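# Observations on chain architecture
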Amino acid sequence: MFGIAAVGLSAVAGYGVYKYVQGKQNARKIKEAVDEMIKNIDKPNVYIRDSVGVREKLSYSMREDLKSCRSSQTLIRHSQNLSSMEKKAAQCMVVIESCKLFPESYRETAKELKEKYMPIEFSGELSSEEKLPHMVEWWTKGNELITELKLKQSQIPEIVKDAHIALRDGVEWFFVKLHEKNVPLLIISGGLGDVIKEVIDQQSTMYDNVNIVANFFKFEQVRFK
């Protein structure tokens, strides 16, 4: 009996040491990750309106996580984590650009812009600084095109419904589990937040623990006199 008790005590002690070491490792990983993010703020291709505020928030977050190493949240990228690759899911902008609700002239112009600027975006011979003005030009012209369409917020559901865009298998289960455990889910995308939200609304559930950081349209409010 004493032998069993000794083994049990050793197991508990061993588990305690394991958790202690694991906590130390987690703390080190958190510090390394935050240090790397803070260092990246000063890179020339990173543009932040309030870099001082971001540094302070990252430092505060690191201090709080190092105190407990227990806080949980989930950060995912829409295009590579949620969208189905097997079903050839369309990117957010492609959903708009290929929509049959809009005139052929718009789709042709959008295609021409993509054929002109996409090779520049993925060029291995140009630096980020050299690419930047071309990307800004592409973004500006693309937004001007969308503005000319006079897109209505009420059209978004139909646009998404007709598009070849789908969530990965298991995403619904993933959302449910995070919601049940009250784990915040932050979806980050360089695409269109309106499209992402509508895809989730149509194919899953937009729970209150989900937040989307992306580009959202600013629709004009129609006022009736």
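A short tour of the structure in this document, coming up. From a predicted model like this one, the values you see are computed outputs, not experimental measurements.

### Here's the deal with the side chain of Ser189
- Within the secondary structure, Ser189 sits in strand 2 (residues 185-192).
- A polar contact is formed between the side chain of Ser189 and the backbone nitrogen of Gly191, at a distance of 2.8 Å.

### Concerning the packing of helix 5 (residues 104-121) against helix 6 (residues 128-149)
- Two numbers describe how helix 5 lies on helix 6: the axes approach to 10 Å, and their chain directions differ by 165°. As far as their axial angle goes, helix 6 and helix 5 are roughly antiparallel. Regarding helix 5 and helix 6, the two cross each other, and that crossing is left-handed. Packed against helix 5, whose contacting residues are Tyr106, Thr109, Ala110, Leu113, Lys114, Lys116, Tyr117, Met118, Ile120 and Glu121, the element helix 6 presents Lys131, His134, Met135, Glu137, Trp138, Lys141, Gly142, Leu145, Ile146 and Leu149 at the interface.
- Here the residues of the contact of helix 5 with helix 6 are counted per class, giving 11 nonpolar, 3 polar and 6 charged.

### Focus on the packing of aromatic side chains
- Tallying each qualifying case throughout the model produces 4 aromatic pairs.
- On the basis of an interplanar angle of 80° and a centroid distance of 6.0 Å, the ring pair of Phe102 and Tyr106 is categorised as edge-to-face. Of the two residues, Phe102 and Tyr106, both sit in the buried class.

### What about the pattern of salt bridges?
- Evaluated as defined, the whole model comprises 4 salt bridges.
- We note a salt bridge from Glu97 to Lys114, for which the minimum N-O separation is 3.5 Å. With Glu97 in helix 4 (residues 92-97) and Lys114 in helix 5, this pair connects stretches of sequence that are 17 residues apart.
- Linking Lys177 and Glu180 is a salt bridge whose minimum nitrogen-to-oxygen distance equals 3.7 Å. Taken together, the residues span about one helical turn, with Lys177 and Glu180 both in helix 8 (residues 171-180) at a distance of 3 residues.
- The class of Glu180 is exposed, set by a relative accessible area of 52%.

Conventions adopted
- Residues numbered from 1 in each chain as written.
- Predicted model: local features only at pLDDT ≥ 70, side-chain atom pairs only at ≥ 80, totals over all residues.
- Heavy atoms only, no water.
- Helix = DSSP H or I, 4+ residues; strand = E, 2+ residues; numbered from the N terminus.
- Polar contact = N/O pair within 3.5 Å; in protein donor to acceptor, adjacent residues only side chain to side chain.
- Axes fitted to C-alpha atoms, helices over the stretch in contact; angles between N-to-C directions.
- Parallel < 35°, antiparallel > 145°, perpendicular 65-115°, else oblique.
- Left-handed = near helix turned anticlockwise from the far one by under 90°.
- Contact = heavy atoms within 4.5 Å.
- Nonpolar A, V, L, I, M, F, W, Y, C, P; charged D, E, K, R; others polar.
- Phe/Tyr/Trp six-rings, centres within 6.5 Å; stacked < 30°, edge-to-face > 60°.
- Buried < 20%, exposed > 50% of the residue type's maximum accessible area, 1.4 Å probe, protein only.
- Salt bridge = Lys/Arg side-chain N within 4 Å of Asp/Glu carboxyl O.

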